[in-house]
Amino acid sequence: MATFPQGFTWGTATASYQIEGAVKEDGRGVSIWDTFSATPGNVYNGNTGEIACDHYHRWREDIDLMRQLNTNAYRFSIAWSRIFPTGRGQVNQKGLDFYSRLVDGLLAVGITPYVTIYHWDLPQALQDEDGWLRRGIIDDYVAYVDTLTRALGDRVKHWITFNEPWVFTWLGYVMGIHAPGYKSENPAPALIATHHAYLAHGSAVPVIRQNSADAQVGITLNLTPSDPASAKPTDLDATARFDGFFNRWYLDPLFRGHYPADMVALYEPYAPEIRPGEMQRIHVPLDFLGINYYTRAVIADDAQNALIRTRQEKPEGEYTEMGWEVYPDGLYTLLKRVHSDYSPRAIYITENGAAFADQLTPDGQIHDERRTAYLKSHFEAAARAIDDGVPLKGYFVWSLMDNFEWAEGFSKRFGLYYVDYTTQKRILKDSGRYFMNVAKTGQT
Ligand code: FCB
């Protein structure tokens, strides 16, 4: 058993496209995920977020679900295309009003909103101009942030500029697995998209601070600690490359003001163009770092992989439905490492959770022991890191309820509540019952 400090933040996390539905309502514009999921072959079983959890209409009921879990915080994202249907220009007041009501509803019951400004659902109109590959998107993002933080900044005091830049740039612009579904033989598009997103981040942080007095501002990265498959020097080198590709490329600019030199050399000639002053702009002090942790990577050297010459091995162990190894110790080592190498002022786990094949039993319940065990072991790993001095301030479970899991559609269930997509009924899982108690007592 582990005990968390008094005042620890306990929450759940979601993202707009994964739960809201109502894609044509109140003037919302088309996003790249509408387009991508409507294209056959992109998403499991042709699933789309057109209805998803119908949260746009059921948000009051969903706040009740959060209250039932005893959480004191909620992380959600804003659909850019509800605020600016074509990405810029005329504000859609109805879109702003939706989030404003949601924020008021949360605050009324003592749940602190943590807002992710960009969780991947770019307005399609901006994609038609090349999305994150176009430098001008930096100004569009800042204008969007300015409008959003002017409207909500009096009540929202926790802002996350981006969710997982690695994922949307690599999966979206090189591997073709996520929207906009671009494929590339070389890393250039991911590196350019990342550089623009980071410039957008660095440019937006002062704007947020200006519009939202005393706000805490951060960014969320998906970090994966990597272990070598063997003690061979080639595997050790491969592990360092993987770490550079996945973790350091994203951490170093934020906390050290430069991209890692070994990776810049490796990516030659595809490293992004950096103009004078840009790295300083990216290297803006942050109030916190959000970390999404799901698993670790075990890495071997592999000449077949043209880019970074690594292969991910699958060691013996327990795996989730996503094919991700259950490895709580990785969370502990990751937190310790980020603290000692980068010392962010504060850290939040902005996502952690697991997909398992949940079954509704005849008693109408979900007895998801494996998810409960997953959460408990990860909470305890986090508590150990706190005991060792890591400034971990909060923990958001992914996710409040089952939802649209991107390219996996509705086939993967991460929720503390089960969602019956035909009736939209939400059913508390046993893991939710477990979490309810942790959030209340601070004990695992
Ligand atoms: C993360 C995403 C989140 C969710 C989880 C399972 O990469 O940020 O939206 O899909 O994975």
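Everything in this summary refers to the structure shown in the same document. (Residues numbered from 1 in each chain as written. Predicted model: local features only at pLDDT ≥ 70, side-chain atom pairs only at ≥ 80, totals over all residues. Heavy atoms only, no water.)

Things to note about the packing of aromatic side chains
Note on aromatic pairs: each is described by the distance of the centres and the angle between the planes.
Thought 1: As enumerated under the stated definition, the model contains 54 aromatic pairs in all.
Thought 2: When the ring of Tyr198 is compared with that of Tyr250, the centres are 6.1 Å apart and the planes differ by 85 degrees; the resulting orientation is edge-to-face. Placement of the pair is Tyr198 in helix H9 (residues 188–211) and Tyr250 in helix H10 (residues 233–256), with a sequence separation of 52 residues.
Thought 3: Summarising the aromatic geometry, the rings of Tyr348 and Phe396 are spaced 6.4 Å apart at their centres and angled 55 degrees between planes, so their arrangement reads as tilted. Of this pair, Tyr348 sits in strand S10 (residues 347–351) while Phe396 is found in strand S11 (residues 392–398), placing the two residues 48 residues apart along the sequence.
Thought 4: Classification of Tyr348 as buried rests on a relative accessible area of 7%.
Thought 5: We classify Phe396 as buried; its relative accessible area is 0%.
Thought 6: Through a chain of ring-to-ring contacts, the aromatic side chains of Tyr17, Trp33, Phe36, Trp120, Phe404, Trp406, Phe410 and Tyr421 assemble into a single cluster.
Thought 7: Looking at Arg384, its charged tip hangs above the ring of Tyr332, at a distance of 4.1 Å from the centre.
Thought 8: For the cation-ring pair, Arg413 lies above Tyr418, with the distance from its terminal atom to the ring centre recorded as 4.0 Å. (Phe/Tyr/Trp six-rings, centres within 6.5 Å; stacked < 30°, edge-to-face > 60°. Helix = DSSP H or I, 4+ residues; strand = E, 2+ residues; numbered from the N terminus. Buried < 20%, exposed > 50% of the residue type's maximum accessible area, 1.4 Å probe, protein only. Lys NZ or Arg CZ within 6 Å of the ring centre and 35° of its normal.)

Let's talk about helix H5 (residues 93–108)
Thought 1: For H5, which comprises 16 residues, the first-to-last C-alpha distance of 22 Å matches the rise-based estimate of 22 Å (1.5 Å per residue) to within 8%.
Thought 2: For H5, every residue scored as buried is listed here: Gly95, Leu96, Phe98, Tyr99, Ser100, Leu102, Val103, Gly105 and Leu106.
Thought 3: Where H5 is buried, its residues touch helix H1 (16–19), helix H3 (55–68), strand S2 (73–77), helix H4 (80–83), strand S3 (112–116) and helix H7 (137–152).
Thought 4: One or two positions beyond H5, positive phi appears at Gly110, with a value near 75 degrees. (Expected span 1.5 Å × (residues − 1). Contact = heavy atoms within 4.5 Å.)

Description of the site of the ligand
Thought 1: Around the ligand lies a shell formed by Gln18, His119, Trp120, Asn163, Glu164, Asn292, Tyr294, Glu351, Trp398, Glu405, Trp406 and Phe414.
Thought 2: The contact in question runs from an oxygen atom of the ligand to an N or O atom on the side chain of Gln18, over 2.8 Å.
Thought 3: Protein burial of the ligand: of its 290 Å² of free accessible surface, 95% is covered by the chains.
Thought 4: For the shell around the ligand, the residue count by class is 5 nonpolar, 4 polar and 3 charged. (Near = heavy atom within 4 Å. Polar contact = N/O pair within 3.5 Å; in protein donor to acceptor, adjacent residues only side chain to side chain. Areas by Shrake-Rupley, 256 points an atom, 1.4 Å probe, with all protein chains shown as cover. Nonpolar A, V, L, I, M, F, W, Y, C, P; charged D, E, K, R; others polar.)

Observations concerning the side chain of Thr224
Thought 1: One can find Thr224 in the loop between strand S5 (216–222) and strand S6 (226–228).
Thought 2: Those residues in contact with Thr224 that lie beyond four places of it in its chain are Phe242, Phe246, Asn247, Thr295, Arg296 and Ala297.

Considering the nonpolar core
Thought 1: Core analysis: the biggest nonpolar cluster contains 147 residues, and Trp33, Tyr118, Trp132, Tyr141, Trp170, Leu335 and Phe379 have the highest contact counts within it.
Thought 2: Sort the elements by how many residues they give to this core and H9 lands first, with 10 residues.
Thought 3: When neighbours within four sequence positions are excluded, Trp33 is seen to be in contact with Tyr17, Val43, Trp120, Asp121, His178, Ala179, Phe404, Trp406 and Ala407. (Core = buried A, V, L, I, M, F, W, Y, C linked by side-chain atoms within 4.5 Å.)

As for the pattern of salt bridges
Thought 1: According to the stated counting rule, one finds 38 salt bridges in the structure shown.
Thought 2: Across the pair Glu20 and Arg82 runs a salt bridge whose closest N-O atoms are separated by 2.8 Å. Taken together, the positions of Glu20 in the loop between H1 and helix H2 (32–38) and Arg82 in helix H4 put the pair 62 residues apart, joining distant regions of the chain.
Thought 3: Residue classification places Arg82 among the buried positions, given a relative accessible area of 1%. (Salt bridge = Lys/Arg side-chain N within 4 Å of Asp/Glu carboxyl O.)

Examining the sheet that holds S6
Thought 1: The sheet built from 3 strands is open, its strands ordered S6-S8-S9 with mixed pairing. The outermost strands of the open sheet, each flanked by one partner alone, are S6 and strand S9 (310–313). Across this sheet, the average inter-strand angle for adjacent strands is 45 degrees, counted without regard to direction.
Thought 2: Of the strand pairs in this sheet, strand S8 (residues 297–301) and S9 are connected by 4 bridges, and their pairing is antiparallel. Residue pairing in the sheet places Ala300 in a bridge with Arg311 of S9. (Pairing = 2+ DSSP bridges. Axes fitted to C-alpha atoms, helices over the stretch in contact; angles between N-to-C directions.)

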